[in-house]
Amino acid sequence: MVKKTIDRESRGRYYERAFKNAPMAIAILNGPRHVYVFSNKENDRLLGSTTEVGKTVEELLPLKNKKGIIKILNHVYKTGTAFYKEARVDSVFKGDQTERYIIFTYQPLMNEKNKVDGILCLAYDITKEVLGRKRLKESEERYRTFIEQSTEGIWRFELKKPIPIKLSVEEQLKMAFKYAYLAECNDAMAKMYGFQSAKNIVGLKLVEIMIPTDKSNVQTLTHFLNSGYRIINAESHEVDKNGNDVYFLNNFVGIIEDGHVVRAWGTQKDITEQKKLEKEKDEFIGIATHELKTPVTSVKAYTQILYRKFISDGDQKTAEVLYKMDTQINKLSELINDLLDVTKIQEGKLKLKESYFDFNELVREVVDEMQPTTEIHKIIVNLGKTKSVFGDRDRIGQVITNLISNAIKYTPKAGKITIKSIIKSGNMILSVKDSGVGISKENKNRIFERLFRGFEKEKETYPGLGLGLYISKEIIERHGGRIWVDSKPGKGSKFYFSLLLNK
Amino acid sequence: MKKILIADDVVAIVDAIKIILEDSNYEVISTTDGSQVSKLIKQNPDLILLDIWMSGMDGGEICKKLKKDPKTKHIPVIIISANKDTKKIAENVGADDFIAKPFDLTELLDKVGKHLSKN
C-alpha cells in the first residue's frame, strides 16, 4: 500500500469540500464582529439566502431576533463557553413555513495563543426526531387517558418467579398466589379496593387481595390455567382495604415467555352491587321455597295421619278420600318446585354451579333413585365410555330425572325404559327411550314450550304444569347443549340431549 | 321404648311427627327452639330429627356440634329440610340421613326405624 502524503493545500480543499456538503448547517465566523468566513450549502438553505463571505452576521442575518443571536455570539466570543439550544424555527427563517426544529451550537474557536478568535456555528435539523417524539408522547397520553379515564380496573400483574407451564394446575395455582404481585394499574382499580390512587395499591401481592380458598377464585384461576391462559367474564371474590367483600367480573390473559408465565394483563368490573342483589333475590327464593313448603308439609303429614287412622278403623272409603288428597298434595309440591325453577329462569337467575363430574356416575345415581318410583317399568341402562363433563351436576341430574319421570308418566302400561349414553363428535349424548304413547308430529315442536302438556284422544290431560321439559331445555341450552326427541304416536318416544365435552 | 328428639320451628309439623311417632310406640321429646336442643340432649334421645332452617338458628351448626361431641356423636341425626340441596347439606354437616319436605310418613318411619335398629 502506497502511503500518500496529502499536502496542506489538498487537505484544506478536502476539508472544505466535506464541510460544504455536510448534512448540517456549518458557518464559521471570525473576529468580534462575527464576519462570515465560511458558510455551507445547508447553512445557506437554512437562512434562505446565499451567505457572502466577508459580510457580518449583523449585515446578513434576516432574522427577527437578530439582536438576540448577536448577543449570544458576543457572549460566546467573550467568555469562550459554547452555547447549545434546541429551537422551533418555522416562523423565524425565510423559506418554508412548516414546523421545524433545529439544534443550534455555537462553539468558540481558539487561535494559537488560545484566545477566542472566531465561532463555529452548527445547526442540525432534528424536526423528524422531535415530531416523532411529540407523536409518541401524544399517543402515550391518549392511551394513558383511556386507561386513566376507564371505569374498569386495568392492571398488570408480574410474577416474582415465572411459572413453568409444564407444572400441574395445582402447582401453578400455588405459585401464582405466592409470587404474583400488582405491578401497574389505573386509579379506577385502586378505588375498587377503597384506595385513593394506583400508587396506594401497586406492589400488593395477589394473595393479599384475592382469597386463595374461595371457590369462585380457585375455579376462575383453574379455568384460566386450563384454557390457554386466557379467560373472560370470570368472577372473583376479593377483599378491599377495610376487609369488606368485593366481587369482580374479570377478563385477563397471561403472557408466556420461554415456557413460563411471566405476567398477566387484565381488566375487572366491579359487580359487588349486582352480587348483593343476586344474594337478596336468592335469599328471597330460598325463603319463598321454605314458606311455601312448610304448610304443604303439615297438610301432607296430617292427611297421612288421618289416612292411617281411617285404615286402622276399617273405614276404607274415607281412607281412599285421604289417599287422593295425598296424591294431590304431591302434585302441589312438584308444582312449587317447578314454579320456583321457572321464576329463576325468567329472571335469568337460574344459576349454574359448574364443576367437573363423571357423567355415567350421575346417570346411574338418578336411575337408582327413579327405579323404586315405579313397579311396572323396568329401567335398562346401557352406557358407553364415561367422560368428565363440565357443568352443573344437580341441574343435569334434574334433566335426567325429568326425562325418566316423563317416560314413566307417558307409558301407562308396563314397559321398558332404556337409557343410553354415547360420545359422538365431541359431545356426550344421553337418550331415554320409552315404549309409551308417543308424540304426534304437531306436538313434537311444542313439547319444549312452557306450559305445554300432552293429552290423549279421550281428552284426558296428563297431569303437570307442562314446565318440566321447558326447564330441562333451558338447563341443557345454558350448558351449550341440545335437547330433542324422536317419536311416533303409539310407538313410544326417544328423548336425547347432548353436552359439549372439552368446554 | 326408644326416645326421639324432634327440633323444627313449625309447631304443626312437630305435632304431626309426634302423633305418628307416638302411634308407632316411640317416646317423643320436642322443641320449636333450636337453642333448646342442647338441653334436651341431656335426656339421652336415641335419634334426632333436626330441621335445618329454624328461625334464628342454623340446624346445620347444631348437627356439626353434636357430631363433634364424643358424648353425642353416636346419636343418629336425620336432617329434614325444604331446601332442594338437602342431601348435600346433610353430607356437609355430618348427618346420618336426610329427608326432604314435604315428606311421606312411611318414608319417615322407615328411616327412623333403619337408624334406630343400627344401634
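Refer to the structure printed above.
Remember, it's a predicted structure, so these values are computed and weren't measured experimentally.

Enquirer: Explain the side chain of Thr127(A) residue by residue, including any values.
Expert: Residues and elements named next belong to chain A. Note on placement: Thr 127 falls in helix H5 (residues 127-149). Classification of Thr 127 by relative accessible area gives buried; the value is 11%. Polar side-chain contacts of Thr 127 include one of 2.4 Å to the side chain of Asp 125. When residues no more than four places from it in sequence are discounted, the contact partners of Thr 127 are Glu 99, Arg 100 and Tyr 101.

Enquirer: Talk me through the pattern of salt bridges; I want residue IDs and the actual numbers.
Expert: Residues and elements named next belong to chain A. Inspection of every chain in the model, using the stated rule, returns 25 salt bridges over all chains. With its nearest N and O atoms 3.1 Å apart, the salt bridge here joins Asp 341 to Arg 395. Remark: Arg 395 occurs in helix H14 (residues 393-409) and Asp 341 occurs in helix H12 (residues 316-346); sequence separation between them is 54 residues. Residue Asp 341 shares its accessibility class with Arg 395, and that shared class is buried.

Enquirer: Hey, could you go over the layout of surface pockets for me, with residue numbers and the actual values?
Expert: All names here are of chain B. Considered as a void within the structure, the second largest pocket measures approximately 280 Å³ in volume. Val 37, Ser 38, Ile 62, Lys 65 and Leu 66 are the residues nearest the centre of the second largest pocket, which is lined by 14 residues in total. Mapped by element, the contributors of at least two residues to the lining of the second largest pocket are helix H2 (37-40), strand S5 (57-58) and helix H3 (59-68). A total of 4 residues in the lining of the second largest pocket trace back to one element, the largest contributor, which is H3. When its residues are assigned to classes, the lining of the second largest pocket shows 5 nonpolar, 4 polar and 5 charged.

Enquirer: So what's going on with the packing of helix H1 (residues 11-23) of chain B against helix H5 (residues 105-118) of chain B? Which residues, and what values?
Expert: Residues and elements named next belong to chain B. Between H1 and H5, the shortest axis-to-axis distance is 11 Å and the interhelical angle comes to 60°. With respect to H5, the axis of H1 lies oblique. By crossing handedness, the relation of H1 to H5 is classed as right-handed. Only Leu 105, Leu 108, Leu 109 and Val 112 of H5 make contact with H1, whose side of the interface consists of Ile 17, Ile 20 and Leu 21. Here the residues of the contact of H1 with H5 sort into 7 nonpolar, no polar and no charged.

Enquirer: Quick one: what's the story with the pairing of strand S10 (residues 260-270) of chain A, residue by residue and with numbers?
Expert: Residues and elements named next belong to chain A. Bridge analysis of strand S6 (residues 153-164) against S10 gives 8 bridges, and the strand direction is antiparallel. When the bridges of S10 are listed, Ile 163 appears paired with Val 261. Bridge count between strand S9 (residues 245-257) and S10: 10 bridges; the pairing is antiparallel. Paired with Asn 250 across the two strands is Gln 268, which belongs to S10. The turn joining S9 and S10, which pair antiparallel and follow one another in sequence, is formed by 2 residues; a positive phi near 55° is taken by Asp 258.

Enquirer: Which residues make up empty space enclosed by the protein, and what values do they have?
Expert: All names here are of chain A. Applying the stated criterion across every chain, the model contains 3 cavities of 30 Å³ or more. Of the pockets and cavities examined, the largest cavity occupies roughly 330 Å³. For the lining of the largest cavity, the element with the most residues is S6, which contributes 5 residues. When the residues that make up the lining of the largest cavity are grouped by side-chain class, the tally is 18 nonpolar, 2 polar and 3 charged.

Rules and cut-offs
- Residues numbered from 1 in each chain as written.
- Chains lettered and ligands numbered in written order.
- Predicted model: local features only at pLDDT ≥ 70, side-chain atom pairs only at ≥ 80, totals over all residues.
- Heavy atoms only, no water.
- Helix = DSSP H or I, 4+ residues; strand = E, 2+ residues; numbered from the N terminus.
- Buried < 20%, exposed > 50% of the residue type's maximum accessible area, 1.4 Å probe, protein only.
- Polar contact = N/O pair within 3.5 Å; in protein donor to acceptor, adjacent residues only side chain to side chain.
- Contact = heavy atoms within 4.5 Å.
- Salt bridge = Lys/Arg side-chain N within 4 Å of Asp/Glu carboxyl O.
- 1 Å grid on protein atoms, 1.4 Å probe; cavity = no way out; pocket = protein on both sides within 12 Å on 5 of 7 lines; lining within 4 Å.
- Points joined across faces, edges and corners; volume = space filled by probe spheres on them.
- Nonpolar A, V, L, I, M, F, W, Y, C, P; charged D, E, K, R; others polar.
- Axes fitted to C-alpha atoms, helices over the stretch in contact; angles between N-to-C directions.
- Parallel < 35°, antiparallel > 145°, perpendicular 65-115°, else oblique.
- Left-handed = near helix turned anticlockwise from the far one by under 90°.
- Pairing = 2+ DSSP bridges.

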